[in-house]
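Summary of the model geometry
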Amino acid sequence: MISPRCAACKYLRRRCPSDCIFSLYFPPNDPQRFACVHRIYGASNVAKILQQLPPNLRAQAADTLYFEAHYRIQDPVYGCVGIISQLYQQIHNAESELAKTQAEIAFLNCNPQEEVQPIEANYSNFNNLLPNQYCPPSTQNSWFN
């Protein structure tokens, strides 16, 4: 039985040898995967990288090369570093929001004698709900800014 050519050999329009370095990592059902990697790194460079690695690391290397090439094509300036920067920014924003929420909880736990007024149905006086009403003037800015 003749095995189908891998995506790399199809893309390069060549016969796929039985010991093809690309066949395990660039299957024929996903030709775009090799096209991205080839466009950024070139077939010979990818083959050299994969051949220099031990067999147990080649799949991870092929996945990494594809990930980096895919995002480099989408964002030619930053590539995958742009994605990493966005994720760090989201983490920073979440940590900031968590710190503000923890500060509000700590402040409310320090003042258990004050009860929070229930929200009135007509919403006529929103000033009763503002945080500066519950904060001492010296800590008002440090808690919520």
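In this report, the structure presented in the accompanying data block is examined. Bear in mind the structure is a predicted one, so any value in this text is a computation, not a measurement.

Reading the values: the criteria
Residues numbered from 1 in each chain as written. Predicted model: local features only at pLDDT ≥ 70, side-chain atom pairs only at ≥ 80, totals over all residues. Heavy atoms only, no water. Helix = DSSP H or I, 4+ residues; strand = E, 2+ residues; numbered from the N terminus. Core = buried A, V, L, I, M, F, W, Y, C linked by side-chain atoms within 4.5 Å. Buried < 20%, exposed > 50% of the residue type's maximum accessible area, 1.4 Å probe, protein only. Contact = heavy atoms within 4.5 Å. Axes fitted to C-alpha atoms, helices over the stretch in contact; angles between N-to-C directions. Parallel < 35°, antiparallel > 145°, perpendicular 65-115°, else oblique. Nonpolar A, V, L, I, M, F, W, Y, C, P; charged D, E, K, R; others polar.

This part covers unusual backbone geometry. In the Ramachandran plot, Arg13 falls in the positive-phi region, its phi being about 55 degrees despite a non-glycine side chain. Structurally, Arg13 is set in the loop between helix 1 (7-12) and helix 2 (31-41).

Attention shifts here to the nonpolar core. Formed by 21 residues in total, the largest nonpolar core has its most connected members in Cys6, Phe22, Phe26, Phe34, Val46 and Leu50. Breaking this core down by element, the ones donating at least two residues are helix 1, helix 2, helix 3 (43-52) and helix 4 (55-74). Other than its neighbours up to four places away in sequence, Leu50 contacts Ile21, Phe22, Tyr25, Phe26, Arg58, Ala61 and Ala62.

A few words now on the environment of Cys6. Mapped onto the elements of the fold, Cys6 is located in the segment before helix 1. A residue is classified by how much of its surface remains accessible, and Cys6, at 2% relative accessible area, is buried. Residues Cys6 and Ile21, 15 residues apart in the sequence, show an inter-C-alpha distance of 9.8 Å. Those residues within four positions of Cys6 in sequence are excluded, and the remaining contacts are Cys16, Cys20, Phe22, Ser23, Phe26 and Pro28.

In the contact formed by helix 2 and helix 3, the axes pass within 7 Å of each other and the chain directions differ by 100 degrees. In terms of their interaxial angle, helix 2 and helix 3 are classed as roughly perpendicular. For the pair helix 2 and helix 3, the contacting residues are Phe34, Val37, His38 and Tyr41 in the first and Ala43, Asn45 and Val46 in the second. Looking at the contact of helix 2 with helix 3, its residues break down into 5 nonpolar, 2 polar and no charged.

Looking now at the packing of helix 2 against helix 4. The N-to-C vectors of helix 2 and helix 4 enclose an angle of 75 degrees; their axes lie 8 Å apart at closest approach. Accordingly, the angle class assigned to the pair helix 2 and helix 4 is roughly perpendicular. Across from Gln32, Arg33, Cys36, Val37, Arg39, Ile40 and Tyr41 in helix 2, the residues of helix 4 making contact are Ala62, Asp63, Leu65, Tyr66, Glu68, Ala69, His70, Arg72 and Ile73. A breakdown of the residues in the contact of helix 2 with helix 4 according to their chemical character gives 9 nonpolar, 2 polar and 5 charged.

These figures capture arrangement, not role.
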